[in-house]
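Observations on chain architecture
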Amino acid sequence: MAGSLLKKVLIAFFIILNLLTTKNLFSQNKVLKGTIKDAHSEELIPFASMKFKNGTAGRLSDSAGAFTFRFQEWPTDTLVITYVGYEDYFLVFDSILLSRVKNNVLDISIHLVRGKFTNEVVVKKKIDRGLLMWRRIVKKKPLNDRYRFENFSYELYNKLEIDLKNVKREKWQKYPIIKNFGFVFDNVDTTEEGRPFLPVYLTEAISDYYYQKDPKRRREIIKGTKTLGVSNESVLQFLGGMDQNVNFYSNFIPVFDKLFISPLSDNGDNYYRYKVLDSQFVNNRRLIHMSFTPKRVGENTFEGDCWVHDTTWAVQKMNLRLSKEANINYVDKLSLIQEFKLMPDGTWFLSRDKFVVDLSLTGEKTLSVIGRKTTTYENIVFNDSSVVNELAKNNLIEETIVTENAKHTPDSFWVEARHEPLTVSEQKIYKTIDTLLSLPSFQKTTKLLNFLATGYLNTGNYQIGPWQNWIYANVYEGMRLRWDLGTNSGFNKRLNLHGYVAYGFKDKQFKGKLEALYILKRSPRTSLYASYSKDFDRAQTYYAEISQDNIFALAIRKTGVPIKFLMMEEGKASIYKQWKNGFSVTLGADRKIYNPVMNLPEKSLFSVKSGEALNTFETSIQVRFAYLEKYLENTFFRTSLGSPYPISEIKLTKGMSGVLNSAYNYTKISGSVSDYMKIPPLGSIYYNVFAGKTYGTLPYMFLDVAPGNEIYYYNKYAFSLMNRFEFLHDQYAGINFEHNIGNGLFRYIPLTRKLKFRQFWNTKLLWGSLSDANKALNMPANSAYKFSTLDGKTYMEIGTGVDNIFKVFRMDLVWRVFPRPLPVEKVSRFGVFFSFRLAF
């Protein structure tokens, strides 16, 4: 009886307990979940602190930045999310927020905005845990840096997206040039800061990358690229990882054309403050969280944080951000992220890069560009013979190979090859670009914009321009009109033809030029060139950014300095041959006939026994060495992007009389060595050392005329306070040196630091002499024009000034130190020059 009663009581108890539990479960059915991200980089933020403002309950987001809360009823409180280096985020549970609830679940994405670093108070401690932590990481760098391996390889996937920020559809669609492309604005999205942005371009590349430490070799095989509208192979080679040199373990980290000091630099404690924040266990491994901030404003440093494995002291993840005070142009925000994964042998290897930058010419509230580059690394192999065998195929230290089918990979290839699938918005970008490229109105618009920017306009198979040279005026020619016409790649992909005709309304003379370039081989390049011209010799136009027959040269010419008019009729031909090792040879033949017409000694002063005066024929050979030089090329022409090594060249010229009525025998030899080097944290230096000698007695235009500058636009290759034809030499040597310091002393003055002024100094030196025979020929007593020669003396200019004025202008203050006294022709001891450039 008692047992039966006990049984009934137990059954009743379990029924009541089940009812209570069920009721509790049903009442706790309101769920708040989501993720926490960086508002700029979209990176997930792990272990962010989350706490209700009026309560004691709180928790951390997990290692993937995710979180979940469960409630019986929706709270009427505010959830405060905090994380070092970011502004506090307040999530208010009001009616607006709760209107987003679906099926009792509120799923949100919280984006934290960076801030709070610069307001921290520095407190001196007996034991600085952050500094100790940094020392341990630096001590273990040789064991954790991926370049510790004898060799390694991986498959690299690059994805680059370009967006336009602050795009207001209503405003932009008012412009006629944009109205035809209104469908593009269907892709407009909004950043977490409430700014509208429009994704406009996307490109992908996948490659195999190989590295060997000793002897150093690098090799990259680009297997696929997806670049709608871009088929230039010289551009495709930069889409891989060969030039992706971000390594947080290095002492310096490249940011565009600058080198910033890494928080893990060997002397990072001179530039950063370090702080240990907390530690967390992830996959049974203890990770320590550390932040770092600059000690001083205005230096090339970062702010950010990192997670470090406490056993190996290897970085598991690092976030770098630029502060507003960083001396770099057009960058409103920049984020650099690297993640590392644990390999089977217990070492950490790079697994993911992310680079996000907001660029703007006039400020972050105006039209801006957002660039997002994501790189992932898979199939990692290190210290393996397969890497050595692949690198054995190299002819140079480093080689980039674009496979034959890389530009034509089908969509099916990318479905399999991508390391991560495209998002919906990324897929829309490809569709939009494909549609735009097929629109005739878009093609016409891009042609017009290109014409305004470059001066050249393609029409059919031909090209006209540049428009800057269409109209010009001077005292001899009066108003001068010029018209250029050339062919483009539609005419022929190997042959380029170009010519111009010009007419002066005062001298009533036609001038002109015809030239042809034929590409025999593109890489390494072999080409043929020929030209014929009859026009005034403008001199040193090879060195000048503004030529002397340019409309812009009218307003910036020095006063009181007469223009020298030297008519030149020239026919020339050359063959150029380049090798992969960086050597190139140019063989040339050149025939020139000069006729001085104004402000120079006349032709009648230079009588000859045979041939025609001022008529010469010469052959030459020029050898140039630029190891690992890179180029940006179009169909016919290319621009050097420089070499990591000094560039040297030497030229030998032989003049022969009796050929095409030439009158002079002579031999010339000249050479130069130049280099551009970054010397962080002290900026960069450029130098050019040059010398030459002429054997023979020649009129002045065939001698070595020191390059003078007769306009107020600064030319780094010319002597600023020297006039054209001021000094003649038949042997010379010189040095051109410039040191760009960066913000230098300007960082100590709040106003100049805010304006991002930059400091530099330079010097130019020249030594030269002229033989007695050449003096007698070129400096007769009856000549109205008086040349000078240094006769072994030193010509020296020194300069300094302010760079980066309004981010585009440079002002040079130049002093002419030697020689003394000043020559007869008007020159100054001091001058102010300007120049224009766009640089980060």
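Look above for the structure.
Here the structure is a predicted model, which is why all the values come from computation and not from measurement.

With that settled, consider the overall build of the chain. For the chain, the helix and strand inventory stands at 13 helices and 43 strands. Taken over 840 residues, the chain has a buried fraction of 47%. Counting contacts in the chain only where the partners sit at least 6 residues apart, residues at least 24 apart contribute 64% of the total. With the model as given, the accessible surface of the chain reaches about 42000 Å², and the carbon-plus-sulfur share is 58%.

Another point: the pairing of strand β14 (residues 272-282). Sheet topology note: the β14/strand β15 (residues 285-294) ladder contains 10 bridges and is antiparallel. Across the sheet, F281 pairs through a bridge with R286, a residue of β15.

With that settled, the discussion passes to the nonpolar core. Considering soluble globular proteins, one finds that nonpolar side chains tend to be buried as a cluster. Counting residues in each nonpolar core, the largest one holds 48 residues, and the members touching the most others are F302 and L322. Among all residues touching F302, those that are not within four sequence positions of it are I253, V255, F260, I261, P263, Y272, T293, P294, L320, R321, L322 and L336. Counting 26 residues, the second largest nonpolar core, distinct from the first, contains A48, F67, V84 and L91.

A separate point is the environment of K317. With respect to the secondary-structure elements, K317 resides in strand β17 (residues 315-322). On the basis of relative accessible area, K317 is assigned to the buried category, the value being 8%. Each residue touching K317, except ones within four places of it in the same chain, is listed here: E43, L44, D305, C306, W307, I337, Q338 and E339. A distance of 3.3 Å separates the side chain of K317 from the backbone oxygen of L44, its partner in a polar contact.

Going through the model one piece at a time under the given rule, you end up with 55 aromatic pairs. Consider the rings of W134 and Y274, whose centres lie 5.7 Å apart with planes at 20°: the pair is stacked. On the criterion of sequence distance, the pair formed by W134 in helix α3 (residues 129-139) and Y274 in strand β14 is long-range, its members being 140 residues apart. Comparing W134 with Y274 shows no difference in burial state: the two are buried. Taking the centre distance of 5.7 Å and the plane angle of 50° together, the rings of Y664 and F702 count as tilted. Of the two residues, Y664 sits in the loop between β34 (647-655) and β35 (666-678) while F702 sits in the loop between β36 (684-695) and β37 (704-705), which places them 38 residues apart along the sequence. For the pair Y664 and F702, one class covers both residues: buried. Three or more aromatic residues joined by ring pairs form one cluster here, namely Y147, F149, F152, Y154, Y209, Y211, F349, Y377 and F382. Sitting above the plane of the Y631 ring, R638 keeps its charged end 3.8 Å from the centroid. Over the aromatic face of Y695 sits the side chain of K693, whose NZ or CZ is 5.1 Å from the ring centroid.

Another point: helix α11 (residues 440-454). In this model α11 runs 21 Å from its N-terminal to its C-terminal C-alpha over 15 residues, within 8% of the 21 Å that 1.5 Å per residue would give. One or two residues past the end of α11 sits G455, with phi positive at roughly 95°.

Quick look at the sheet that holds strand β7 (residues 105-112) now. Working definition: the strands of a sheet are paired by backbone hydrogen bonds and lie parallel or antiparallel to each other. Pairing in this open sheet of three strands is mixed, and the strands run β4-β1-β7 from one edge to the other. Lying at the two open borders of the sheet, with one neighbouring strand each, are β4 (66-71) and β7. The sheet shows a mean angle of 20° between the axes of neighbouring strands, taken without regard to direction. As paired elements, strand β1 (residues 30-38) and β4 share six bridges and run antiparallel to each other. The partner of T35 across the bridge, within β4, is A66.

The next point concerns the sheet that holds strand β2 (residues 49-52). Across the sheet, which stays open at both edges, the four strands sit in the order β3-β2-β5-β6 with antiparallel pairing between neighbours. Whereas interior strands pair on both sides, the edge strands pair on one side only; in this sheet they are β3 (58-60) and β6 (89-92). Neighbour-to-neighbour, the strand axes of this sheet turn through a mean angle of 20°, independent of strand direction. Looking at chain direction, β2 and strand β5 (residues 78-82) are connected through four bridges and run antiparallel. Among the inter-strand pairings, M50 is bridged to a residue of β5, identified as I81.

Assignment of secondary structure puts Q578 in strand β29 (residues 565-578). C-alpha of Q578 to C-alpha of S523: the two residues are 55 residues apart in sequence and 8.3 Å apart in space. Apart from residues no more than four positions distant in its own chain, Q578 is found in contact with P524, R525, F583, S584, Y631 and R638. Looking at Q578, its side chain comes within polar contact range of the side chain of Y631, at 3.4 Å.

Turning to the pattern of salt bridges, a few remarks are in order. Enumeration according to the criterion identifies 41 salt bridges in this entry. Close ionic contact of K354 with E43 constitutes a salt bridge, the shortest N to O distance being 3.8 Å. Of this pair, K354 sits in strand β19 (residues 348-359) while E43 sits in the loop between β1 and β2, and the two are 311 residues apart along the sequence. In this structure E43 comes out as buried when scored by relative accessible area, which is 5%. Salt-bridge contacts for R480 lead to E477; the nearest nitrogen and oxygen are separated by 2.9 Å. Using a relative accessible area of 1% as the deciding quantity, one classes R480 as buried. Under the relative-accessibility criterion, E477 is labelled buried at 0%. Among the charged side chains, a network of salt bridges with common partners joins E43, K317, E339, R352 and K354.

Quick look at the side chain of N327 now. Within the secondary structure, N327 is located in the loop between β17 and β18 (331-342). One polar contact links N327 to R758, side chain to side chain, over a distance of 2.6 Å. If we ignore the near neighbours within four places in the chain, the residues touching N327 are K258, G298, N300, N743, K756, F757 and R758.

A separate point is unusual backbone geometry. With an omega dihedral of -5°, the bond running from D214 to P215 counts as a cis peptide bond. Mapped onto the elements of the fold, P215 is located in the loop between β10 (196-212) and β11 (217-226). A positive phi angle, near 55°, is found at K508, a position not held by glycine. Locating K508 in the fold gives a position in the loop between β26 (495-504) and β27 (509-521).

Here is what the cut-offs are and how they apply
- Residues numbered from 1 in each chain as written.
- Predicted model: local features only at pLDDT ≥ 70, side-chain atom pairs only at ≥ 80, totals over all residues.
- Heavy atoms only, no water.
- Helix = DSSP H or I, 4+ residues; strand = E, 2+ residues; numbered from the N terminus.
- Buried < 20%, exposed > 50% of the residue type's maximum accessible area, 1.4 Å probe, protein only.
- Contact = heavy atoms within 4.5 Å.
- Areas by Shrake-Rupley, 256 points an atom, 1.4 Å probe, with all protein chains shown as cover.
- Pairing = 2+ DSSP bridges.
- Core = buried A, V, L, I, M, F, W, Y, C linked by side-chain atoms within 4.5 Å.
- Polar contact = N/O pair within 3.5 Å; in protein donor to acceptor, adjacent residues only side chain to side chain.
- Phe/Tyr/Trp six-rings, centres within 6.5 Å; stacked < 30°, edge-to-face > 60°.
- Lys NZ or Arg CZ within 6 Å of the ring centre and 35° of its normal.
- Expected span 1.5 Å × (residues − 1).
- Axes fitted to C-alpha atoms, helices over the stretch in contact; angles between N-to-C directions.
- Salt bridge = Lys/Arg side-chain N within 4 Å of Asp/Glu carboxyl O.

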